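# Summary of the model geometry
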Amino acid sequence: MRPKLVVGNWKMNGSRAANATLLSGIVAGLGGAKAKAACAVCAPAPYLAQCQELLAGTPVAWGAQDVSVHASGAYTGEVAAAMLADFACRYVIVGHSERRAYHGEGNELVARKAKAALDAGLTPIVCVGETLAQREANQTAAVVGEQLGTVLETLSPEEVTKIVVAYEPVWAIGTGKTATPAMAQEVHAQLRAQLKVRVGKEAAQQLHILYGGSMKPDNAAELMAQPDIDGGLIGGASLKAAEFLAIINAA
Ligand SMILES: O=C[C@H](O)COP(=O)(O)O
């Protein structure tokens, strides 16, 4: 059975003081006992050093929310994958819908970001998801299929076995609306079938497909009980230690 994975995406939130309180609360809440799920936080880039300082040696991994496709050079404002690795990041989110919507990131760029992350030894968390208009037009399967498909074409099958996929219906992000477990499971099963074509049945069974979109302590257990939902990518609820811990414990 795949162990569950719960990842917090802090988005553009936090401060040195607030992060210290949040991270010490999470670590204390895990209590040194074997957590029910693997967990990580994806922090804004300036706080990765703080994550490394406070989380090294704990069960909580850390990562970033975006990465450049370039290795180094004249790319003002960008952060290279090697720089994230320098701060011992394990994960980096690529293709979050907020990057797609506000920064015009398309499927090919997202795939190149996933490749850049893998080349630096990081695990990309590749986000896919449809807008409300796309769902209402019955385009969900086509949209997420194309989003994941471009990544699968860009990476070798061996590289694909090292990614994490996150299904995040855009209409459920930060809105309090959640996909029902059945709706989410339907898309997760489709994504796993697509992965299977690329990497084979056994490897596809090992891959993590996370659900994101208003996952909270009160709906996490039901969502994660679905056969193809292997954890969560948590926004708002990852900013409060008690809520984040409750979701980890619901796994
Ligand atoms: O990456 C996280 C998702 O965008 C979900 O955010 P949310 O839990 O605040 O809805």
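Residues numbered from 1 in each chain as written. Predicted model: local features only at pLDDT ≥ 70, side-chain atom pairs only at ≥ 80, totals over all residues. Heavy atoms only, no water.

Moving on to the site of the ligand. Looking at the ligand, the residues that line it are Asn9, Lys11, His96, Glu168, Ala172, Ile173, Gly174, Gly213, Ser214, Leu233, Gly235 and Gly236. Glycine 236 has a polar backbone atom sitting 2.8 Å from an oxygen atom of the ligand. In the complex, 97% of the free accessible area of the ligand, which totals 300 Å², lies under the protein chains. For the shell around the ligand, the per-class residue count stands at three nonpolar, seven polar and two charged. (Near = heavy atom within 4 Å. Polar contact = N/O pair within 3.5 Å; in protein donor to acceptor, adjacent residues only side chain to side chain. Areas by Shrake-Rupley, 256 points an atom, 1.4 Å probe, with all protein chains shown as cover. Nonpolar A, V, L, I, M, F, W, Y, C, P; charged D, E, K, R; others polar.)

Before going further, it helps to examine the environment of alanine 184. Relative to the helices and strands, alanine 184 is located in helix α9 (residues 181-199). Using a relative accessible area of 0% as the deciding quantity, one classes alanine 184 as buried. Along the sequence, alanine 184 and leucine 210 sit 26 residues apart, while their C-alpha atoms lie 9.9 Å from each other. Those residues in contact with alanine 184, other than ones at most four positions away along the chain, are Tyr167, Ala179, Tyr211, Leu223 and Ile229. (Helix = DSSP H or I, 4+ residues; strand = E, 2+ residues; numbered from the N terminus. Buried < 20%, exposed > 50% of the residue type's maximum accessible area, 1.4 Å probe, protein only. Contact = heavy atoms within 4.5 Å.)

Across all of its chains, the model carries 13 salt bridges by this definition. The partner of glutamate 105 in a salt bridge is arginine 99, and the shortest N-O contact between them spans 2.9 Å. Taking the relative accessible area as the measure of exposure, glutamate 105 reaches 6% and is therefore buried. The salt bridge partner of aspartate 228 is arginine 192, with a shortest N-O separation of 2.5 Å. One end of the pair, aspartate 228, is in the loop between α11 (217-224) and β8 (231-234); the other, arginine 192, is in helix α9, and 36 residues separate them in sequence. You'll find aspartate 228 and arginine 192 in the same group, each marked buried. Connected via shared salt-bridge partners are Arg2, Arg192, Asp228 and Asp230. (Salt bridge = Lys/Arg side-chain N within 4 Å of Asp/Glu carboxyl O.)

This brings us to the UniProt feature "active site" (unreviewed entry) in the chain. Listed under "active site" (unreviewed entry) in the UniProt record, and renumbered for this structure, are His96 and Glu168. Spatially, the listed residues are clustered: although they cover 73 residues, their C-alpha atoms lie within 8.3 Å of one another. Relative to the helices and strands, histidine 96 resides in the loop between β4 (91-94) and α4 (97-103). A relative accessible area of 4% places histidine 96 in the buried class. Apart from residues lying up to four places away in sequence, histidine 96 is in contact with Asn9, Lys11, Cys127, Glu168 and Ile173. (UniProt positions renumbered as here; feature names shortened; annotations may be inferred.)

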